[in-house]
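Structural overview for review
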Amino acid sequence: MNAIHVTLETLQSLPFSSISGTYAQLGTVNSAVVAIKFTNTTDANLIISTDATNATGNDIMPVGTSYTVYDIGANVPQSKQAFFSPRVFFVKSESADPTEGKMYMTILKRYT
């Protein structure tokens with residue numbers, strides 16, 4: 001059995017003071033990624049987008065220490081290997097702007 005080696009990339013974050021009703025860049029995925037975790041420690045609901053043009057975004061991160069994990073590498077045979085493609089992620093507030101905390105993006109990528 002061949003093992004797939006993975007590693008964590010440097011944590012990416014955006015402080016509350018940089019988050020408003022307009023999309024701001026949260027972080028970038030530069031290589032094949034098997035899992036992404038978003039963590040919202042702000043006091044506002046936040047919208048995540050992959051293109052910064054869709055007003056409703058691609059997902060919502062509810063207020064306070066919530067997190068979402070997108071793990072597309074689990075339960076996939078090695079011969080099929082699913083990955084997120086390189087892209088930029090954006091975030092904006094849903095309604096009220098946050099007054100504390102940060103939005104984080106943790107990336108688990110394939111180690112080659």
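Just so we're clear, the structure is a prediction, and the values are computed from it rather than from any experiment.

1. What about the pattern of salt bridges?
All told, the structure shown has one salt bridge when counted by the stated rule. With a closest N to O distance of 3.7 Å, Glu9 and Lys109 form a salt bridge. Here Glu9, found in the loop between strand S1 (6-8) and strand S2 (12-15), pairs with Lys109, found in strand S9 (residues 102-110); they are 100 residues apart in sequence, far enough to count as distant. A residue is classified by how much of its surface remains accessible, and Glu9, at 18% relative accessible area, is buried. Looking at Lys109, the relative accessible area reads 24%, which means it is partly exposed.

2. Remarks on unusual backbone geometry
In this structure, Ala52 takes a positive phi of about 60° despite not being glycine. With respect to the helices, strands and loops of the structure, Ala52 is situated in the loop between strand S5 (46-49) and strand S6 (59-61).

3. Concerning the confidence of the model for the protein chain
Per-chain confidence: the protein chain averages 84 in pLDDT, with 84% of residues scoring 70 or above. Here strand S7 (residues 66-71) stands out as the element of the protein chain with the lowest mean pLDDT, 78, in contrast to S2, whose mean of 96 is the highest.

4. Some points on the packing of aromatic side chains
Both the distance between ring centres and the angle between the ring planes are used here to describe each pair of aromatic rings. Under the criterion given, the structure shown has one aromatic pair. When the centroid spacing of 5.3 Å and the interplanar angle of 65° are considered together, the rings of Phe38 and Phe89 count as edge-to-face. Taken together, the residues Phe38 in strand S4 (residues 33-40) and Phe89 in strand S8 (residues 87-93) connect sequence positions 51 residues apart. Since its relative accessible area comes to 1%, Phe38 is described here as buried.

5. Points about the environment of Tyr67
Here Tyr67 lies in strand S7. Each C-alpha atom, one on Tyr67 and one on Lys37, is 6.8 Å from the other, the two residues being 30 residues apart in sequence. Once residues lying within four places of it in the same chain are set aside, the contact partners of Tyr67 are Lys37, Phe38, Thr39 and Met61.

6. Comments concerning the pairing of S2
Here S2 shows a clear split, with Gln12 and Leu14 buried on one side and none of Ser13 and Pro15 buried on the other. Bridge count between S2 and S9: four bridges; the pairing is antiparallel. Paired with Leu14 across the two strands is Met103, which belongs to S9.

7. Description of the pairing of S5
Burial along S5 is two-sided: Leu46 and Ile48 and Ile47 and Ser49, pointing in opposite directions, are all buried. Here S5 pairs with S8 via four bridges, running antiparallel. Residue pairing in the sheet places Leu46 in a bridge with Ser93 of S8.

Definitions and limits used
- Residues numbered from 1 in each chain as written.
- Predicted model: local features only at pLDDT ≥ 70, side-chain atom pairs only at ≥ 80, totals over all residues.
- Heavy atoms only, no water.
- Salt bridge = Lys/Arg side-chain N within 4 Å of Asp/Glu carboxyl O.
- Helix = DSSP H or I, 4+ residues; strand = E, 2+ residues; numbered from the N terminus.
- Buried < 20%, exposed > 50% of the residue type's maximum accessible area, 1.4 Å probe, protein only.
- pLDDT = per-residue confidence, 0-100.
- Phe/Tyr/Trp six-rings, centres within 6.5 Å; stacked < 30°, edge-to-face > 60°.
- Contact = heavy atoms within 4.5 Å.
- Pairing = 2+ DSSP bridges.

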